[in-house]
Amino acid sequence: MSASYVRNLIRLFFSLVFIYSILFSFASASHPHPPVVSPAAETELICHTNNPAECYPKVFSATEEFQIVHDDQDLPPGLHVQLDVQTGRKQAKLYNPDEENPALAGLPVDQGVVVVDPEPPQDADPRIRPGAPAYEPVGMVKAPQEKNEEFSKALETIKKSSKRSQSVDPSALDEALQLLDELSHDMYYGLQIAEDAEAVRSLFCLLLRREEAKGEGRPFAEQADFLASSVLSATVGNNVPALTAIEKSWYSITGKQCKGDSRPINQELFHRLAPTSEPGTKQESEESEIIRLHISVISGLLKSPKIRAEFLENDGMQSFLEILLRDGEAWGSRKTKVAQIVSDTFLDEDFGATLGLWPRKQQADASICAESGPRSLDDECWEYHLAKISQGAGAPEWSEHLLSLIRRTQVSGSRSEAPPTHNEL
């Protein structure tokens, strides 16, 4: 091969390389690559200045490294957030559950079980140290800012009225009773009356002056026995300290006789509950009014356990039953009141009754009570009489309710007294 032939081959090779380079450059120029541009912002930006470089997205965009979180940025859930309590600066990044906190390195790890001792059971009855003062549910009764100056004078007038050696002007007695009637509804003055045993005894004597009241010719509401009943009822009604004070002095108050009476006050008070007048007479109408006064006073007194026990011992429930057996319009409201007292005091626990005190006997068969007729007034015949009263379309509402309560107590009483049964083997 000659040298000229080799040189021609070399020239041809370089010519081809040159032509290829030109063609490649032309192709690159006619089909250029798309330029690299910044991604468009898809989230809302927060800008506090006109400098775009200081803007940041409203929703924090987390990475694997901690970044500062601005106060007005929203943090998506599930991030690892750190707060510098010294500066208040907040940082956040993507949460990595396998990452260890270097600040906790070297600290001991306790995997023991902690046993918590249960609290000791509290005693059902709290222990009260010896000599501690008794609990007073109503607290101390405070005196009014301005005391009534006539109150003491009225009490003295009342006390003089029951003394055999002294006489009191009727008008002065009326004024004293009217003043006490107004003030006795106040807990303070009610307690002051109750703590004066002589004044309470005098009020009971005025209540029992039924013969004098008939001949005075004044309206019934202005007579001494009516006002005395109103004062006593208001004194013990919803006034626990006053009732407690009367209970403490009960025997000294009611163990004495009033002027003209043959029996002590307590016996007169309980036995005069029983009606004695002939039905349909004027005396019956007057008697029903007087018995109403006694019922009003006894209603409050029966809240005392001591007075309640004495009432039962003096056949007070027989007097109540005699009132319930009376016919006529004059006794309608009296019978309703007596039924309520019996229910609330002895039979209906929902209204504060103390169960088991009465009836003191199991109810007898109706035939036994029918033989004695209307005079069968003992405890065992209440069911018989109430069953007769509750019959018919015009029976009073209280009769059926009272009858159901008595039957309920008899069922519970028979269960408690039933002897234990023994199963045969």
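None of the values given here were measured: they were computed from a predicted structure.

Chemist: What is the right way to look at the sheet that holds strand 5 (residues 90-94) in this model?
Modeler: By definition, the strands of a sheet pair up through backbone hydrogen bonds, in either a parallel or an antiparallel sense. Taken in spatial order, the three strands line up as 3-5-4 in an open sheet, and their pairing is antiparallel. Each of the sheet's edge strands pairs with one partner strand only, and the pair in question is strand 3 (67-69) and strand 4 (79-83). Direction aside, the axes of adjacent strands within the sheet are offset by 35 degrees on average. As paired strands, strand 3 and strand 5 are joined by three bridges and run antiparallel to one another. Of the residues in strand 5, the one forming a bridge with isoleucine 68 is glutamine 91.

Chemist: Is there a simple way to think about unusual backbone geometry in this case?
Modeler: Both trends apply: most residues other than glycine have a negative phi, and most peptide bonds are in trans. At the junction of tryptophan 358 and proline 359, the peptide bond is cis and its omega measures out at 0 degrees in the coordinates. Its location among the elements puts proline 359 in the loop between helix 14 (332-347) and helix 15 (366-372). In this structure, asparagine 238 is a non-glycine residue whose phi angle is positive, near 55 degrees. In this structure, asparagine 238 sits in the loop between helix 7 (224-236) and helix 8 (240-248). Residue classification places asparagine 238 among the exposed positions, given a relative accessible area of 70%. Of note, aspartate 315 is a non-glycine position whose phi angle comes to about 60 degrees, a positive value. Checked against the element boundaries, aspartate 315 lands in the loop between helix 12 (305-313) and helix 13 (316-324).

Chemist: Explain the state of the cysteines here, please?
Modeler: Put plainly, two cysteines are in a disulfide when a covalent bond ties their sulfur atoms together. Following the criterion strictly, the structure yields three disulfides and no others. A sulfur-sulfur separation of 2.0 Å characterises the disulfide bridge that pairs cysteine 205 with cysteine 258. Its S-S torsion of about -85 degrees marks the bond between cysteine 205 and cysteine 258 as left-handed, since a negative value means left-handed. With cysteine 205 in helix 5 (residues 197-207) and cysteine 258 in the loop between helix 9 (250-254) and helix 10 (265-271), this residue pair connects regions lying 53 residues apart in the sequence. The buried category is assigned to cysteine 205, whose relative accessible area is 9%. Classification of cysteine 258 by relative accessible area gives buried; the value is 4%. Each disulfide pairs two cysteine sulfurs, and for cysteine 369 the partner residue is cysteine 381, the sulfurs being separated by 2.1 Å.

Chemist: So what exactly am I meant to see when it comes to the pairing of strand 4 here?
Modeler: Here strand 4 runs beside strand 5; their pairing, made up of five bridges, is antiparallel. For leucine 79, the partnering residue across the bridge sits in strand 5 and is leucine 94. What sits between strand 4 and strand 5 in their antiparallel hairpin is a turn of six residues, with glycine 88 showing a positive phi close to 80 degrees.

Chemist: Help me out: how do you make sense of the packing of aromatic side chains in this one?
Modeler: The description of an aromatic ring pair rests on the distance of the ring centres and on the angle between the ring planes. Summed over all chains, the structure comprises seven aromatic pairs. For the ring pair phenylalanine 346 and tryptophan 358, a centre distance of 5.9 Å and an interplane angle of 55 degrees mean the geometry is tilted. In this pair, phenylalanine 346 is assigned in helix 14 and tryptophan 358 in the loop between helix 14 and helix 15, connecting sequence segments 12 residues apart. Across the pair, tryptophan 358 and phenylalanine 346 agree in class, each one buried. An aromatic cluster of three or more residues is present, and its members are Phe151, Tyr188 and Tyr189.

Chemist: How do you make sense of the confidence of the model for the chain when you look at a structure like this?
Modeler: The predicted coordinates should not be examined in detail at positions where pLDDT is low. Looking at the chain, pLDDT values average 82 and 76% of them are 70 or higher. Of the regions scoring below 50 in pLDDT, residues 415-425 engages in one contact with residues more than four places distant in sequence or in other chains.

Cut-offs applied
Residues numbered from 1 in each chain as written. Predicted model: local features only at pLDDT ≥ 70, side-chain atom pairs only at ≥ 80, totals over all residues. Heavy atoms only, no water. Pairing = 2+ DSSP bridges. Helix = DSSP H or I, 4+ residues; strand = E, 2+ residues; numbered from the N terminus. Axes fitted to C-alpha atoms, helices over the stretch in contact; angles between N-to-C directions. Buried < 20%, exposed > 50% of the residue type's maximum accessible area, 1.4 Å probe, protein only. Disulfide = S-S within 2.5 Å. Phe/Tyr/Trp six-rings, centres within 6.5 Å; stacked < 30°, edge-to-face > 60°. pLDDT = per-residue confidence, 0-100. Contact = heavy atoms within 4.5 Å.

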